[in-house]
Amino acid sequence: MTLLVDIGNTRVKWARADAAGRPGPVQALAHDGRGDWVDTLPTDFDGPVWFATVADADLATPLQAWSRDRLDRAAVEVVSTASAAGVQCAYARPECLGVDRWLACIGAFHRGPGSVVVVDAGTALTVDVVDATGCHQGGLIVPGMATMQQAIHAHTRIRSQPVEQVPDDLARDTDTAVAAGALHAAVGLIERVCRRFALDRRILAGGEAARLADRLEGDWHLAPDIVLEGLGRVAVESAINASSSNGHSR
Ligand SMILES: Nc1ncnc2c1ncn2[C@@H]1O[C@H](COP(=O)(O)OP(=O)(O)OP(=O)(O)O)[C@@H](O)[C@H]1O
Ligand SMILES: CC(C)(CO)[C@@H](O)C(=O)NCCC(=O)O
Ligand SMILES: [K+]
């Protein structure tokens, strides 16, 4: 067993994974830019810690120290590369693609056959497309829905409150106009990508996935752990490559 850790913009998520890299139950915690969450991590696994981060580099330092001190082994960082686990990166500079997007693409590709769009709706909302052969076609980045509302608050005098029910129609009060604006902006972006590409599968992840799923046309599969699934795939592949280059397997 290994431990998979995804350090996101707002929250850190982790799960133990089996020998095939499949994550078990996921736990998540807001990190608030600090590293004290490492004290919450489990220690009852025998393999290494595999992690990926899109947060500040100094958030990974406590994890590396924890792994050395508590487990007596180094935590292994996974970064975006030109290709991994059957997926080829669309970026000319793969290291610039957010590793959460990269791992979501890998997780999505391995969930089934055919082309796939994967939407990760969190602090940021990202849309990425992978074709049936594993070629990442590229993607889009916009603020997540909560972040869109915060941007309105930061740059206008509006102080809107969340609303219970967001209508499909136009809004007739400020709170609803801001909430519905963010939701429909996200839905419109996603549906535009879906119209442009012949997609066999549609995958939704992130803290805001459930709210989006209600409004999107077509069959959407909720896969909240898709980044950890991709991380597990890359971890297993890297471990196999490392052991074969060390001469442990033929
Ligand atoms: N229990 C929750 N805790 C935190 N955010 C939540 C929760 N439920 C829904 N959300 C919403 O999800 C957003 C955060 O989503 P998510 O956890 O995917 O963010 P993230 O840490 O940026 O993710 P990622 O790891 O993909 O970068 C928040 O902006 C909030 O609107
Ligand atoms: C877009 C976010 C913030 C989403 O978490 C992350 O994937 C990131 O920091 N990406 C780097 C830029 C890019 O993916 O092109
Ligand atoms: K995200």
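Residues numbered from 1 in each chain as written. Chains lettered and ligands numbered in written order. Predicted model: local features only at pLDDT ≥ 70, side-chain atom pairs only at ≥ 80, totals over all residues.

Note the following rule: UniProt positions are given in the numbering used here, feature names are shortened, and annotations may be inferred rather than shown by experiment.
Where an unreviewed UniProt entry is consulted, the protein chain appears under the name Type III pantothenate kinase, with the organism given as Spectribacter acetivorans. Quoted verbatim from the Sequence similarities (unreviewed entry) field of UniProt, the annotation for the protein chain is "Belongs to the type III pantothenate kinase family." Quoted straight from UniProt, the Pathway (unreviewed entry) entry for the protein chain says "Cofactor biosynthesis; coenzyme A biosynthesis; CoA from (R)-pantothenate: step 1/5."

1. Some details on the site of ligand 1
Condition: Any residue whose backbone-placed C-beta atom lies within 6 Å of a molecule or strand is treated as near that molecule or strand. Segmentation into domains, and thus their bounds, comes from an automatic or database assignment.
Residues in close proximity to ligand 1 total 15 residues, the closest being Gly8, Asn9, Gly122, Thr123 and Gly207. Residue-level mapping places the shell around ligand 1 at the junction of two domains, with at least three residues from each of domain 1 (2-80 + 228-245) and domain 2 (113-222).

2. Looking at the domain arrangement of the protein chain
The assigned domain composition of the protein chain is domain 1 (2-80 + 228-245) and domain 2 (113-222). If you average the C-alpha positions of domain 1 and of domain 2, the two centres end up 27 Å apart.

3. Quick notes on helix α6 (residues 226-245)
This is how the line gets drawn: Put simply, DSSP marks the helices as runs of H or I at least four residues long and the strands as runs of E at least two long, and each gets a number from the N terminus on. For a helix, the expected span equals 1.5 Å multiplied by the number of residues minus one. Partly exposed residues are those whose C-beta has more than 12 but fewer than 20 other C-beta atoms within 10 Å; with 20 or more the residue is buried, with 12 or fewer it is exposed, and the C-beta atoms are placed from the backbone.
Between its first and last C-alpha, α6 extends 29 Å over 20 residues, near the 28 Å set by a 1.5 Å rise per residue. Of the positions making up α6, those classed as buried are Ile226, Val227, Leu228, Glu229, Gly230, Leu231, Gly232, Arg233, Val234 and Ala235.

4. Section: the sheet that holds strand β5 (residues 76-77)
What counts here: Any two strands with at least two DSSP-identified bridges between them are counted as paired. We call two residues in contact whenever the C-beta atoms placed from their backbones are within 7 Å. With axes taken as lines fitted to C-alpha atoms, and helix axes fitted only over the stretch in contact, angles between N-to-C directions fall between 0 and 180 degrees.
The strand order across the open sheet built from five strands is β3-β2-β1-β4-β5, with neighbouring strands paired in mixed fashion. The two strands at the open ends of the sheet, each matched to only one other strand, are β3 (27-30) and β5. As defined by bridge partners, strand β1 (residues 2-7) adjoins strand β4 (residues 49-53) across five bridges and the pair is classed as parallel. Within β4, the position partnered with aspartate 6 by the bridge is alanine 52. The strands touched by α6 are β1, β2 (11-17) and β4; relative to β1, the strand with the most contacts, the crossing angle is about 130°.

5. Some points on unusual backbone geometry
One non-glycine residue with positive phi stands out, namely aspartate 32, at about 50°. Along the chain, aspartate 32 falls in the loop between β3 and β4. We classify aspartate 32 as exposed; it has 10 C-beta atoms within 10 Å. The phi torsion at alanine 85 lies on the positive side, around 45°, for a residue other than glycine. With respect to the helices and strands, alanine 85 occurs in the loop between β6 (83-84) and β7 (87-88). For alanine 85, a count of 21 C-beta atoms within 10 Å translates into the label buried.

6. Structural notes on the nonpolar core
The criterion, for reference: Linking buried Ala, Val, Leu, Ile, Met, Phe, Trp, Tyr and Cys residues through C-beta atoms within 7 Å yields a set, and such a set is a nonpolar core.
Membership of the largest hydrophobic core comes to 59 residues, with the highest contact counts inside it found for Leu4, Val118 and Leu231. The leading source of residues in this core is helix α2 (residues 99-109), at eight residues. When we break this core down by domain, the ones giving at least three residues each are domain 1 (2-80 + 228-245) and domain 2 (113-222). Aside from chain neighbours lying at most four places away, what touches leucine 231 is Leu4, Asp6, Trp50, Ala52, Val78 and Leu103.

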